[in-house]
Amino acid sequence: QQDSFIAVMQRDVGSYAVDADKAVSLGSDSVRMWRLRQLESSLPLLQYYRRVLRSYGVPPAYAVLPLVESANQPMAVSSKGARGLWQLMPQTVQTLSNGARASELPHSVYESTHLASRYLAQLTKTFDHPIYVLAAYNWGPARVIALQKQLLYPQQLLQDATVPLETREYVA
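Now for a description of the structure that goes with this document. (Residues numbered from 1 in each chain as written. Predicted model: local features only at pLDDT ≥ 70, side-chain atom pairs only at ≥ 80, totals over all residues. Heavy atoms only, no water.)

## Description of the packing of helix H7 (residues 130-139) against helix H8 (residues 141-148)
- Where H7 meets H8, the closest approach of the two axes is 7 Å, and the angle between their N-to-C directions is 135°. In terms of their interaxial angle, H7 and H8 are classed as oblique. Note on element contacts: H8 touches H7 through Pro141, Arg143, Val144, Leu147 and Gln148, opposite Tyr132, Ala135, Ala136 and Trp139.
- Tallied by class, the residues present in the contact of H7 with H8 amount to seven nonpolar, one polar and one charged. (Axes fitted to C-alpha atoms, helices over the stretch in contact; angles between N-to-C directions. Helix = DSSP H or I, 4+ residues; strand = E, 2+ residues; numbered from the N terminus. Parallel < 35°, antiparallel > 145°, perpendicular 65-115°, else oblique. Contact = heavy atoms within 4.5 Å. Nonpolar A, V, L, I, M, F, W, Y, C, P; charged D, E, K, R; others polar.)

## Some thoughts on the packing of helix H6 (residues 109-126) against H7
- Remark: H6 packs on H7, axes separated minimally by 9 Å, with the N-to-C direction vectors making an angle of 130°. Between H6 and H7, the angle falls in the class oblique. Our pair here, H6 against H7, has a crossing hand that is right-handed. Facing H6, whose interface residues are Ala116, Tyr119, Leu120, Leu123 and Thr124, H7 presents Val133, Ala136 and Tyr137.
- Split by residue class, the contact of H6 with H7 holds seven nonpolar, one polar and no charged. (Left-handed = near helix turned anticlockwise from the far one by under 90°.)

## What about the pattern of salt bridges?
- Applying the stated criterion to the full structure yields one salt bridge.
- The closest approach of N and O atoms between Lys80 and Glu166, which form a salt bridge, is 3.7 Å. Remark: Glu166 occurs in helix H9 (residues 165-171) and Lys80 occurs in the loop between helix H4 (65-70) and helix H5 (90-96); sequence separation between them is 86 residues.
- Of the residues examined, Lys80 reaches a relative accessible area of 64% and is grouped as exposed.
- For Glu166, a relative accessible area of 47% corresponds to the partly exposed category. (Salt bridge = Lys/Arg side-chain N within 4 Å of Asp/Glu carboxyl O. Buried < 20%, exposed > 50% of the residue type's maximum accessible area, 1.4 Å probe, protein only.)

## What to know about the side chain of Ser112
- Here Ser112 shows up in helix H6.
- In this structure the side chain of Ser112 is engaged in a polar contact, spanning 2.8 Å, whose partner is the backbone oxygen of Ser108. (Polar contact = N/O pair within 3.5 Å; in protein donor to acceptor, adjacent residues only side chain to side chain.)

## With respect to the nonpolar core
- Ranked by size, the top nonpolar core spans 40 residues in total, and within it Trp86, Leu120, Tyr137 and Leu157 carry the most contacts.
- Among the secondary structure elements, those contributing two or more residues to this core are helix H3 (29-55), H4, H5, H6, H7, H8 and H9.
- Broken down by element, this core gets its largest block of residues, eight residues, from H7.
- Non-local contacts of Leu157, meaning those with residues more than four positions away in its chain, are made with Ile131, Tyr132, Ala135, Leu147, Leu151, Val163, Arg168 and Val171. (Core = buried A, V, L, I, M, F, W, Y, C linked by side-chain atoms within 4.5 Å.)

## A look at unusual backbone geometry
- At Asn72, a position not held by glycine, the phi torsion is positive, near 60°.
- Inspection of the secondary structure assignment puts Asn72 in the loop between H4 and H5.
- Positive phi outside glycine occurs at Gln87, with the angle close to 50°.
- Along the chain, Gln87 turns up in the loop between H4 and H5.

See the structure below:
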């Protein structure tokens, strides 16, 4: 059962998305089973995310971001204030939604997926490599733009000590 799900995940979400073998294999048996159930239950949403991302011209591999960001929890709020499935910061939401405050927006799958897709479309136009896109999504585009000028190639970001460990792990 696990192998068939991982094959479906890699086919439907893409190889860039997630190392499902690694994600499922870490931890105790009960933790592994919980992760596998979580991934399996997310497959219909992943397919929806892919469709929306494609409609904005965004690579569908980014469909796994809600799994990473919020474990697919629409009401999730991070300690830094990021909200929803896609864990968008309130200022980003305000910019993307023509001035609406994050607290005024519903925590709906539809609304947050379209906002995140718009944001990822902007990031993919700004940055020429997925490493930069993911780093900007996690750490902020202004920081990545400043750092990008100092790097010879995108993979250097993964070794750069000025990049927070959280961001380097997120991108890796």
